[in-house]
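Chain residues, written in single-letter form:
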Amino acid sequence: MLWGRASDQAVIDGLIDRARAGRSGVLVIGGDPGIGKTSLLAYAAERAQDMRVLRGVGVETEAEIPFASLHLLLGHGLDRLDALPEPQAAALRGAFGLAPVTNRLLVGLAVLSLLAELAEGGPLLCLVDDAQWLDQESAQALRFAAHRLHAEGIVMIFAARDGFDASGLPEHRLPGLDAGSAATLLDHTAPGLAPGARDRLIEESCGNPLALLELPRTDLSGYDRSPLPLPARIQQAYEARIAGLPADAQKALLVTALTDGGDLDVIVRAGRELGIAPAALGVAEKSGLVRIDGGRVAFTHPLMRAAAFRHGTYDLRLEVHAILARLLAHQPDRRAWHLAAAATGPDETAALALEQAARRARERDGNSGACAALERAAELTEDHTLKAGRLTEAAVAAADAGQAGRAKELVERAAALVTDPRSRARLCDLRARIAFDEGAPHLAHDLLMAGAEELAALAEDTDDAEDAGGQARQDRIAAGLMLIDAARNAWQLSDPARVAEAADRLHTLGLRPEDGLDPAVQAVTGAAVLLRKGPAEGLPIMRAMVASGGRIASGAHTFRINAAFVAPLVGDFRTGHDISAAMAAECRAAGDIGKLPLVHVTLAAAELYLGRFRDAEATAAEGLRLTSGTGQRNRAGYLEGTLAWLAAARGEADRCAELAARSRDRFDANHIVNGLAWAEWALALLDLGQGRFAEALDRLDAAMTGPVRHQIQAVYFAPDQIEAAVRLGAPAHEPLRRFEEWATASGQDWALAVLHRCRALLEPDGERAHEDFTAAVRLHADSGRPWEAARTRLAFGERLRRERDKGSARPHLRAAWETFERLGARPWAERARGELRATGDTSSPAVRAEALSALSPQELQIVRLAATGMTNREIGAQLFLSPKTVSHHLYRAFPKLNVASRAQLAGLDLS
């Protein structure tokens, strides 16, 4: 019976009813210990008697064992693994220790697919209690799946105390019971209470149901009017109950508290070694503190476990841990932790066991668990060098787990013990990584430069030493990698001096072709030359790199992604697009989710520049979703900026402002300039499209006084500066010089066309302006940049109309109008339409009906894949969705496209 929870129960009812109708839902129930979270989960299970119910729980003693909680939840569904796409099935087998690990980030998608498979026969309810104790790997996989539930008929409910990272999932916090409900509960459970005691309990419990149940069993006279925090009082109540049990039952409870997972057989065997009869467990069960079911022993509330642990003596706890370590020899990870818990000082046996457990965890991408094991191993290590090494490895694991604060603390502890230069350099590398993740890229750059300098000195000192050539080469390569990272940081900071410094140091390092760093060194060199000497000298170096990247059919991920990033710097969007699209396809086929956000950054930008606005939006939106699922926050600013620009072109003022603000906020946090450059350009473009020329010019002029001036966007928005200046009668010499210098060096037809447009806008002489406009229109013909071509035709048509040559103006204005309509650039289409009407042309535009415009970006992706003949399952694997969600989107898309079946999609123009 639940009192005072009608509104909370209604939330659960709504989720379950929607699941019966085929819709999925997620909820995180939060609240203090004893507030009723577990009771609400029980209510959900009762309401879902016609549904399949999966139950999982976070176990405090297993919080450092990778995927332990996920196995508890999904262990009974492993017989359906073969129904999953093989890469996903392999990922889950690896997570559960049934096969080698393939891809940790694919586990979340595999969880989604497995849940969808289990829901094929009807709606499914997943209940996860004590989510605050989920191991990090399980929590990440479940959150990934939860964010992508849509139309599977699945309900996933987490119950968690404070400390659980909901990561944007819907939350519902349980309050305490109101006074009336608290009184009703006491009337049912403790009817004999004196009125004064009853009133005091209602007041001091703050409506906590567990307190209302437990505190009446204790003597309240010992408490003053300034009570301890409520959970501690409840725990004391449990300890009082434990103290009233026979000694053997108390020991049995301690063994249960220390046994991972509550395995009945292990508890009984450990009890025998302590001289405890199995009947002692029966006494504990009758007390209501534990329940025994199906070979498992579980405390009826987590605070009972804490009370049993606290009630046991220190010596007895050590003895129990030692016994459990012997009994669990066949489970080396659990054995290692019990050995560590039984240690009272330095213990190399336990430390080595933990180090081996950490290695196994790393093999399964269980970085959080590996960090905990290595940190504890270091605490048990006496040798300073060995201790420093274990602390360093723990810090690496923490950084890989995204725990920057923890990694930072471990690095400092290791640094206090490190004496050799190679270890110091490695710590510099690690400190730099942490600094970058924490939003301090300047510090990261300096740390990388310092570490590289130390390694370079070592390489120079050991080059001629006997048998030292191998080590010297390793030091040189390691220094080179640090300098490349330093240059990359400096580029993202928009800091030419730092880029040049890293490039100069790379060239003095003496790297050789066989070291394998030439492509990256080429990219750093091109960036440094571009920033230091300008486009005429920098672009040829970069152009060669882009061309090389475009010739590689597959593999060579780092080189190709660098080439895709460099492609916009030389204006070669087609090659950049081809590289990025091929890499995206490879990543999807391999299930390599971790690489996709970065690929989406380059692909979305290329699609935008090529005028494929809907594709760019779909790519950027998916990339943004993946940044949160993979913990790549630093990629989000790029993608939000790209989406802000697209919103600006369409005249979606509120959306543009929101996305630009988010991108700017990320710049404030991480100082990465590229996202800021997109955001500032987007806001200026929005002003320009809405005729706010002064605001647009002021914004772009201001951007050129800060770090944005070193980004490629500063070249690409120069024509917007020129147009705004022309509208205001202001000078535009500097933006013209900036764009002219770059466009001439690039040699791209579209860039030369835009340069002619800019000159025409600034040219007072009508004949010369016409010559420039005509040249621009000719160069645009095959340039692949419809946005820029339409901007040119609009500007030309406007000039011709002002000169009263309406007949010549009409074809240019009509072409501009039709292109802007196709792109969905409403403000620009309206401007072209208004100009066209002013010439006397009031006819409708000859553009094909845009059925695709009614589709959401995700629907468009799904429809295109379905048109190729892919099944829902195959599409889901490509887009990281469940097959039912794919089916739902197709069901919504078909009427918008006026089709009734998948077969009809093949006949549509979906470009």
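Residues numbered from 1 in each chain as written. Predicted model: local features only at pLDDT ≥ 70, side-chain atom pairs only at ≥ 80, totals over all residues. Heavy atoms only, no water.

## Looking at the overall build of the protein chain
1) Next: Secondary structure summary: the protein chain contains 45 helices and seven strands in total.
2) Next: Considered along the principal axes of its C-alpha atoms, the protein chain spans approximately 105 × 75 × 55 Å.
3) Next: Taking all 911 residues of the protein chain together, 57% fall into the buried category.
4) Next: Pairs at least 24 residues apart make up 67% of the contacts formed inside the protein chain by residues separated by at least 6 positions.
5) Next: When the accessible area of the protein chain is evaluated, it comes to approximately 36,800 Å², of which 51% is carbon and sulfur surface.
6) Next: Across the protein chain, the mean location of the 104 positive side-chain charges is 4 Å away from that of the 120 negative side-chain charges. (Helix = DSSP H or I, 4+ residues; strand = E, 2+ residues; numbered from the N terminus. Buried < 20%, exposed > 50% of the residue type's maximum accessible area, 1.4 Å probe, protein only. Contact = heavy atoms within 4.5 Å. Areas by Shrake-Rupley, 256 points an atom, 1.4 Å probe, with all protein chains shown as cover. Lys, Arg positive; Asp, Glu negative; His and termini not counted. Charge placed at Lys NZ, Arg CZ, Asp CG, Glu CD.)

## Here we look at the pairing of strand 1 (residues 25-30)
1) Next: Most of strand 1 sits out of view: six of its six residues are buried.
2) Next: Of the two faces of strand 1, the one lined by Gly-25, Leu-27 and Ile-29 and the one lined by Val-26, Val-28 and Gly-30 are each fully buried.
3) Next: Summarising the sheet, strand 1 and strand 4 (residues 154-160) pair through six bridges and their orientation is parallel. By the bridge assignment, Gly-30 is partnered in strand 4 with Ala-160.
4) Next: Inspection of the sheet shows strand 1 paired to strand 5 (residues 171-173) by three bridges, in the parallel sense. By the bridge assignment, Val-28 is partnered in strand 5 with Glu-171. (Pairing = 2+ DSSP bridges.)

## Observations regarding the pattern of salt bridges
1) Next: Under the counting rule described, the total for this entry stands at 71 salt bridges.
2) Next: Residue Arg-93 is joined to Asp-82 by a salt bridge in which the shortest nitrogen-to-oxygen separation is 2.9 Å. Placement of Arg-93 in helix 4 (residues 86-95) and of Asp-82 in the loop between helix 3 (68-74) and helix 4 is noted, with a sequence separation of eleven residues between them.
3) Next: Judged by relative accessible area, which is 66%, Asp-82 ranks as exposed.
4) Next: When the shortest N-O distance is used, the salt bridge between Glu-375 and Arg-413 registers 2.9 Å. Here Glu-375 is found in helix 18 (residues 367-379), whereas its partner Arg-413 is found in helix 20 (residues 404-415), with 38 residues between them in sequence.
5) Next: If you follow the salt bridges from partner to partner, you end up with Asp-720, Glu-723, Arg-727, Arg-791, Glu-798 and Arg-831 in one network. (Salt bridge = Lys/Arg side-chain N within 4 Å of Asp/Glu carboxyl O.)

## Observations regarding the packing of aromatic side chains
1) Next: For the coordinates displayed, the defined rule picks out 21 aromatic pairs.
2) Next: With 4.7 Å between their ring centres and 10° between their planes, Phe-773 and Phe-796 make a pair best called stacked. Placement of the pair is Phe-773 in helix 39 (residues 766-780) and Phe-796 in helix 40 (residues 786-802), with a sequence separation of 23 residues.
3) Next: Of the residues examined, Phe-773 reaches a relative accessible area of 0% and is grouped as buried. (Phe/Tyr/Trp six-rings, centres within 6.5 Å; stacked < 30°, edge-to-face > 60°.)

## Points about the environment of Ser-663
1) Next: With respect to the helices and strands, Ser-663 occurs in helix 32 (residues 653-670).
2) Next: Classification of Ser-663 as buried rests on a relative accessible area of 1%.
3) Next: Between the alpha carbons of Ser-663 and Ala-696 there is a distance of 18 Å; along the sequence they are 33 residues apart.
4) Next: Residue contacts for Ser-663: discarding those within four places in its chain leaves Gly-637, Glu-640, Gly-641, Gly-675, Leu-676 and Ala-679.

## Re the environment of Met-704
1) Next: Secondary-structure assignment places Met-704 in the loop between helix 34 (693-703) and helix 35 (713-716).
2) Next: Met-704 sits in the buried class, given a relative accessible area of 17%.
3) Next: Sequence-wise, Met-704 and Ala-714 are ten residues apart; in three dimensions their C-alpha atoms are separated by 7.2 Å.
4) Next: For Met-704, the contacting residues outside a window of four places in its chain are Arg-709, Ala-714, Phe-717, Gln-721, Glu-734 and Arg-738.

## Focus: the packing of helix 22 (residues 441-462) against helix 24 (residues 496-508)
1) Next: One can describe the packing of helix 22 onto helix 24 by two numbers: an axis separation of 12 Å at closest approach and a directional angle of 15°. Our classification of the angle between helix 22 and helix 24 gives roughly parallel. In this structure, helix 22 crosses over helix 24, and the sense of that crossing is left-handed. Residue-level inspection shows His-442, His-445, Asp-446, Met-449, Ala-452 and Glu-453 of helix 22 in contact with helix 24, the latter providing Arg-498, Glu-501, Ala-502 and Arg-505.
2) Next: Looking at the contact of helix 22 with helix 24 residue by residue, the class counts come to three nonpolar, two polar and five charged. (Axes fitted to C-alpha atoms, helices over the stretch in contact; angles between N-to-C directions. Parallel < 35°, antiparallel > 145°, perpendicular 65-115°, else oblique. Left-handed = near helix turned anticlockwise from the far one by under 90°. Nonpolar A, V, L, I, M, F, W, Y, C, P; charged D, E, K, R; others polar.)

## Topic: the packing of helix 4 against helix 5 (residues 105-118)
Geometry of a packed helix pair, given as the angle between the helix axes and the separation of the axes.
1) Next: Look at helix 4 against helix 5: their axes get within 8 Å of each other, and the N-to-C directions meet at 105°. Taken together, helix 4 and helix 5 sit at an angle that is classed as roughly perpendicular. When helix 4 is examined against helix 5, the residues Pro-87, Gln-88, Ala-91, Leu-92 and Ala-95 are found in contact with a partner set consisting of Leu-106, Val-107, Leu-109, Ala-110, Val-111, Ser-113 and Leu-114.
2) Next: Among the residues making up the contact of helix 4 with helix 5, the classes are represented as ten nonpolar, two polar and no charged.

## What to know about the sheet that holds strand 4
1) Next: Pairing within the open sheet is parallel, and its five strands lie in the order 2-3-4-1-5. Taken across any chain shown, the strands that pair with only one partner, and hence form the sheet edges, are strand 2 (52-57) and strand 5. Taking each pair of neighbouring strands and ignoring which way they run, the sheet shows an average axis angle of 15°.
2) Next: Packing of helix 2 (residues 37-47) onto the sheet brings it into contact with strand 1, strand 2, strand 3 (124-129) and strand 4, and relative to strand 3 it is tilted by some 165°.

## Re helix 33 (residues 673-689)
1) Next: With 17 residues, helix 33 extends 24 Å from end C-alpha to end C-alpha; this agrees with the ideal 24 Å at 1.5 Å per step.
2) Next: With 17 of 17 residues buried, helix 33 is to be regarded as a mostly interior element. (Expected span 1.5 Å × (residues − 1).)

## Examining the nonpolar core
1) Next: Counting residues in each nonpolar core, the largest one holds 128 residues, and the members touching the most others are Trp-645, Tyr-716, Phe-739, Trp-742, Trp-787 and Phe-820.
2) Next: Among the elements that make up this core, the one with the highest residue count is helix 33 (twelve residues).
3) Next: If we ignore the near neighbours within four places in the chain, the residues touching Trp-645 are Leu-608, Phe-613, Trp-678, Trp-681, Ala-682, Leu-685 and Trp-787.
4) Next: Ala-95, Leu-105, Leu-106 and Ala-563 belong to the second largest nonpolar core, which has 58 residues in total. (Core = buried A, V, L, I, M, F, W, Y, C linked by side-chain atoms within 4.5 Å.)

## As for the confidence of the model for the protein chain
1) Next: Confidence in the prediction for the protein chain averages 89 pLDDT; 96% of positions are at 70 or higher.
2) Next: In the model of the protein chain, helix 8 (residues 195-205) stands out as the element of lowest mean pLDDT, 80, in contrast to strand 4, which has the highest, 97. (pLDDT = per-residue confidence, 0-100.)

## Description of unusual backbone geometry
1) Next: For His-671, which is not glycine, the phi dihedral falls at a positive 65°.
2) Next: Relative to the assigned elements, His-671 resides in the loop between helix 32 and helix 33.
3) Next: Take His-671: its relative accessible area is 29%, and that puts it in the partly exposed class.
4) Next: One non-glycine residue, Arg-804, lies in the positive phi region at around 70°.
5) Next: By the element assignment, Arg-804 lies in the loop between helix 40 and helix 41 (806-823).

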